[in-house]
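Inside the fold
Chain by chain, the residues:
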Amino acid sequence: MEFTAKYELDGSVTAGPFEDGNVWGGLTPASDQWAVVAAWCDEGNTIALAIVPVPESISRRQFYQELANRGMITKEEALAAIVANTLPSEFAAMVDAILDEEIQWQARMLLAGATEFKRSNWFVDFFAAMKSLSSEYMDGFWRAGALLD
């Protein structure tokens, strides 16, 4: 079996099999087995990155906070969205630009009443298209938002 190593979500590494045949998890540079991982990397190998699943949804607060963290809205707009249920100006303009009254109403209802935002919701793709953001970017947005406690 070939030696492999991958990062875990907590930043530690799972690697192996070692000489004893075991695969060890929770490895850090302070671990006894780290020298083997470092030597393996010195041979030109790389530690695989952890694959973080895209959460199905993030809370309303996480959504607006991540928008502010990325500079897409101001911190004041994020707070107003949560406390006073006031749409950030760019969102209000985006919703106003929807010509179909039924779809515009659905967008307003979602933004005004949602306690969480689902990654699969049509408005997320609409928002991404209006901002020229890729699906991968939005997946990263959802991952980062989910980490906000």
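The structure this text deals with has already been given above.
Attention in this report is confined to the structure presented alongside it. Each chain carries its own residue numbering, running from 1 in the written order of its sequence. Totals for whole chains, interfaces and linings use all residues, but because this is a predicted model, local features are given only for residues with pLDDT of at least 70 and pairs of side-chain atoms are given and counted only at 80 or more. Water and hydrogen atoms were dropped before computing side-chain values, which therefore reflect all heavy atoms in the structure.

What to know about the packing of aromatic side chains
Stacked, tilted and edge-to-face are the three classes applied to pairs of Phe, Tyr and Trp rings, where Trp contributes its six-membered ring and a pair requires centres within 6.5 Å; stacked means planes under 30 degrees apart, edge-to-face means over 60, and tilted covers the rest. Per the counting criterion, the structure on display carries 15 aromatic pairs. With 6.1 Å between their ring centres and 85° between their planes, Tyr64 and Phe117 make a pair best called edge-to-face. Of the two residues, Tyr64 sits in helix α2 (residues 60–69) while Phe117 sits in strand β5 (residues 116–118), which places them 53 residues apart along the sequence. You'll find Tyr64 and Phe117 in the same group, each marked buried. Each residue in the set Phe63, Tyr64, Phe91, Phe117, Trp122, Phe123, Phe126, Phe127, Phe141 and Trp142 is aromatic and connected to the rest through ring pairs, giving one cluster. In this structure, Arg70 is placed above the aromatic ring of Tyr137, and the distance from its NZ or CZ to the ring centre is 4.8 Å. Only DSSP runs of H or I covering at least 4 residues are called helices, and only runs of E covering at least 2 are called strands; the numbering of each starts at the N terminus. Only protein chains enter the accessibility calculation, which uses a 1.4 Å probe. A residue is then buried if its area is under 20% of the maximum for its type, exposed if over 50%, and partly exposed in between. The criterion for a charge sitting over a ring is simple: Lys NZ or Arg CZ within 6 Å of the ring centre, and within 35 degrees of the ring normal.

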